[in-house]
2 protein chains.
Amino acid sequence: MAESNEQVVRNKQVVLKKYVNVGLPKESDMEIRESSIQLKVPEGCKDSVLLKNLYLSCDPYMRSRMKKLETPSYVDSFQTGSPMNGYGVGKVVDSTHPDYKKGDLVWGFTGWEEYTITAPFLLFKIEHTDVPLTYYTGLLGMPGMTAYAGFFEVCKPKKGEYVYVSAASGAVGQLVGQFAKLLGCYVVGSAGSKEKVELLTNKLGFDAAFNYKEEQDLDAALKRYFPEGIDIYFENVGGKMLDAVLLNMRIHGRIAVCGMISQYNNERPDPVHNLMYIVGKRIRMEGFIVSDFYHLYPKFLELVIPSLKEGKITYVEDTAEGLESAPAALLGLFTGRNVGKQLVVISHD
Amino acid sequence: MAESNEQVVRNKQVVLKKYVNVGLPKESDMEIRESSIQLKVPEGCKDSVLLKNLYLSCDPYMRSRMKKLETPSYVDSFQTGSPMNGYGVGKVVDSTHPDYKKGDLVWGFTGWEEYTITAPFLLFKIEHTDVPLTYYTGLLGMPGMTAYAGFFEVCKPKKGEYVYVSAASGAVGQLVGQFAKLLGCYVVGSAGSKEKVELLTNKLGFDAAFNYKEEQDLDAALKRYFPEGIDIYFENVGGKMLDAVLLNMRIHGRIAVCGMISQYNNERPDPVHNLMYIVGKRIRMEGFIVSDFYHLYPKFLELVIPSLKEGKITYVEDTAEGLESAPAALLGLFTGRNVGKQLVVISHD
Ligand SMILES: NC(=O)c1ccc[n+]([C@@H]2O[C@H](COP(=O)([O-])OP(=O)(O)OC[C@H]3O[C@@H](n4cnc5c(N)ncnc54)[C@H](OP(=O)(O)O)[C@@H]3O)[C@@H](O)[C@H]2O)c1
Ligand SMILES: NC(=O)c1ccc[n+]([C@@H]2O[C@H](COP(=O)([O-])OP(=O)(O)OC[C@H]3O[C@@H](n4cnc5c(N)ncnc54)[C@H](OP(=O)(O)O)[C@@H]3O)[C@@H](O)[C@H]2O)c1
């Protein structure tokens, strides 16, 4: 008689149908496919785990993986016709890996499907389970580490400095702002709707916030909020915003270049004109990738878990229900549909 | 009877007639004026020195001082109708400053004139006189310190790295390349003429060099010289070159932004499109100003003086004779007329 863990079950998957190099992809560029899977790591598959995926994380960098990348980048293109993959939270159903056993909760790289067999790659075991598990797609996962590494390690902030965050209500931005407040900085964020702006000041503790879509003149807006200039810019959007920021940086200012979401669908990137200010203002502009900083994850948790429990940090999530909603949820990042961290619930246990 | 040091002498001066905000200034935007000066620090002028100027340094940053700057920068505008000023080498003729006495040789900030009375501002006493004194306008002066600080302190180079220098035959660039070779890097330079390119490879020890004016496609040129990519870019020119470099940087590459001479006469700066590469390649792009590093001058001399005497460092100068030639010499920087460090000889002793 077959053991229960050899049971064959349905495995719905999100598949990329074709590459989309330019423009906002459509939901129909992805499809939901049904396949099946045996709930056991196949014979001979050493050091592997079979995960039941609980939550999937929608992340902007996935957009570049939907392109047919000609030159190698720090990420590779998705395989068309195969399930997409990305960050998520899962539960170990079966394991041939000595470090993982059935029932373990993990976050890290997994497939956009109900079940995934993987040789653990960028998987972290979840130790703290007395917090919402969904947080491991955001606050306690990759975006949280991005905010932490980008702000503390790249920006090297000092108490009292003037900090500006774009895409400030998002998965990364909302946390950058809160870290900056915890340190004693003055923090202003920008976002793309009234609702998000209110969230920033009323719930997330930003000193001020503005809707960049309502500003004719970004330079003037920044001058209004930073009459003394900006010490630290946490760059999430690029393009015109970066150009305006360069005009408003202070001497020895730092720009952590986390991402440039306004550019991801463009055929040709928008021009930036004001780089000359980098010299006179001795600006340091530095790109970073979160995975270079994962060795700091334990240190990060030491800061965040207590702050969370003491109510010093809060986190806003935007939850889509069901794998079928994943394509729309992902694309919503590029129109600003998400309010807070966008995740997709596949299963609650 | 008047003492000899109270003698009144002619003092020729270079005066800016009017501000030139856009475009290449003309020689006629400056004029040579004759005035006279008493060879004595005036009664009541404490802590001042009277310098006889020997050599003046022509430096690209002076271009921005010929503009009426609206927003304060790290330099201020020249006063129209008054003598211009800048770096130079001089001899103390009279002094009311306890640290300076008649006959002392100095380099630092002085007037574009034959004699200057100044409260010592950015003046360095010349200790080593067994080297050409003109070198204190270049190799042993501000441009030398710029190359040193920009390369060692900002780029943080490692042996074996791939280094690219633009405006490579100039006052700063020729030294950056030599420092990189001393450290064991692979160094390529670009410059604007066949003569300069030959200088780079034949005399200055660059591994390779190219004439950027003869390249239709700067990206392709860089790929030819850096098939593995660039670790360090010492940025002197900006604009199109920076855009091409961004395509060719390696992971964790560094760009020391020393200057962007291709932009100084522009009305509107050229667009840069490829900043997105800063993220994936984790590029650090950092501006710097030499005067922030003058505390390292003694350490710099410890490296350079012995290297010079042992023939491990060489230096190319372009010498204009007489104060009258100063305006043309200065403007020549922006057409690439100078071959090596551009200086103006006012007097040999
Ligand atoms: N370097 C790394 O390792 C790393 C890791 C994670 C994330 N990132 C980057 O960090 C940034 C934020 O990511 P996230 O996960 O926190 O996403 P997010 O902010 O939760 O979601 C994306 C948000 O970007 C804004 N946006 C979309 N299109 C825009 C445009 N054209 N101009 C301005 N804003 C636009 C939208 O908010 P509005 O309504 O405010 O427009 C949208 O909600 C992205 O650039 C991402 O690529 C980098
Ligand atoms: N940050 C600081 O503290 C600091 C201090 C000193 C200098 N700097 C900067 O360092 C750079 C080099 O200064 P330097 O004193 O060594 O000058 P330099 O190289 O001796 O002279 C300027 C050279 O720039 C090149 N050039 C002129 N117009 C150009 C253009 N449109 N495109 C490309 N190249 C052009 C010319 O050489 P080609 O024939 O090769 O075109 C010219 O000979 C400048 O950007 C300057 O502002 C910065």
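Residues numbered from 1 in each chain as written. Chains lettered and ligands numbered in written order. Predicted model: local features only at pLDDT ≥ 70, side-chain atom pairs only at ≥ 80, totals over all residues. Heavy atoms only, no water.

- Per an unreviewed UniProt entry, chain A goes by the name Alcohol dehydrogenase superfamily, zinc-type and belongs to Corchorus capsularis.

**Concerning the relation of the copies chain B and chain A**
Stage number 1. In screw terms, the move from chain B to chain A is a rotation of 180° and a rise of 0.0 Å along the axis, fitting with an RMSD of 0.0 Å. A rotation of that kind, with that shift, is consistent with a two-fold axis.
Stage number 2. Both copies contact each other with a shared surface, as 100% of the interface residues of chain B are interface residues in chain A too. (Least-squares fit on C-alpha atoms with pLDDT ≥ 70 in both. Contact = heavy atoms within 4.5 Å.)

**Overview of the packing of helix α2 (residues 142-155) of chain B against helix α8 (residues 297-309) of chain B**
Residues and elements named next belong to chain B.
Stage number 1. Two numbers describe how α2 lies on α8: the axes approach to 11 Å, and their chain directions differ by 95°. One element, α2, and the other, α8, form an angle in the roughly perpendicular class. From α2, Gly144, Met145, Tyr148, Phe152 and Glu153 reach across to α8, where they touch Tyr297, Lys299, Phe300 and Leu303.
Stage number 2. A breakdown of the residues in the contact of α2 with α8 according to their chemical character gives 6 nonpolar, 1 polar and 2 charged. (Axes fitted to C-alpha atoms, helices over the stretch in contact; angles between N-to-C directions. Helix = DSSP H or I, 4+ residues; strand = E, 2+ residues; numbered from the N terminus. Parallel < 35°, antiparallel > 145°, perpendicular 65-115°, else oblique. Nonpolar A, V, L, I, M, F, W, Y, C, P; charged D, E, K, R; others polar.)

**A short note on the side chain of Ser166(B)**
All names here are of chain B.
Stage number 1. Of note, serine 166 is situated in the loop between β8 (162-165) and α3 (173-183).
Stage number 2. On the basis of relative accessibility, which here comes to 1%, the residue serine 166 falls in the buried class.
Stage number 3. At a separation of 2.9 Å, a polar atom in the side chain of serine 166 contacts the side chain of tyrosine 233.
Stage number 4. With residues up to four places along the chain from it excluded, the contact list for serine 166 reads Ser190, Tyr233, Phe234, Glu235, Asn236 and Val237. (Buried < 20%, exposed > 50% of the residue type's maximum accessible area, 1.4 Å probe, protein only. Polar contact = N/O pair within 3.5 Å; in protein donor to acceptor, adjacent residues only side chain to side chain.)

**Points about the environment of Arg254(A)**
Residue and element names in this part refer to chain A.
Stage number 1. Mapping arginine 254 onto the fold places it in strand β12 (residues 249-257).
Stage number 2. Apart from the residues within four sequence positions on either side, arginine 254 is in contact with Cys155, Lys156, Pro157, Lys158, Glu161, Asp231, Ile232, Tyr233, Met249 and Arg284.
Stage number 3. Of the polar contacts made by the side chain of arginine 254, one reaches the side chain of glutamate 161; its length is 2.7 Å.

**Focus on unusual backbone geometry**
Stage number 1. The backbone of His252(A) sits at a positive phi, close to 60°, despite the residue not being glycine.
Stage number 2. Among the secondary structure elements, His252(A) is positioned in strand β12.
Stage number 3. The exposure class of His252(A) is partly exposed, given its relative accessible area of 44%.
Stage number 4. The residue Asp47(B) is not glycine, and still its phi comes out positive at about 50°.
Stage number 5. Relative to the helices and strands, Asp47(B) resides in the loop between β2 (30-38) and β3 (49-57).

**Some words on the domain arrangement of chain A**
How big an interface is tends to be stated in terms of the accessible area lost upon association of its parts.
Residues and elements named next belong to chain A.
Stage number 1. Domains assigned within chain A are domain 1 (8-138 + 317-345) and domain 2 (142-291).
Stage number 2. The gap between the C-alpha centroids of domain 1 and domain 2 is 28 Å.
Stage number 3. Together domain 1 and domain 2 conceal approximately 1,500 Å² of surface at their shared face, both sides included; 62% is due to carbon and sulfur atoms.
Stage number 4. Of all residues in domain 1, Val22, Gly138 and Val339 give up the largest surface area on contact with domain 2, accounting jointly for 25% of the area buried on that side.
Stage number 5. One can count 6 residue pairs in polar contact (both at pLDDT 80 or more) joining domain 1 with domain 2.
Stage number 6. Residues that form the side of domain 1 that touches domain 2 fall into these classes: 11 nonpolar, 7 polar and 4 charged. (Domains from an automatic or database assignment. Buried area = accessible area lost by both parts, 1.4 Å probe.)

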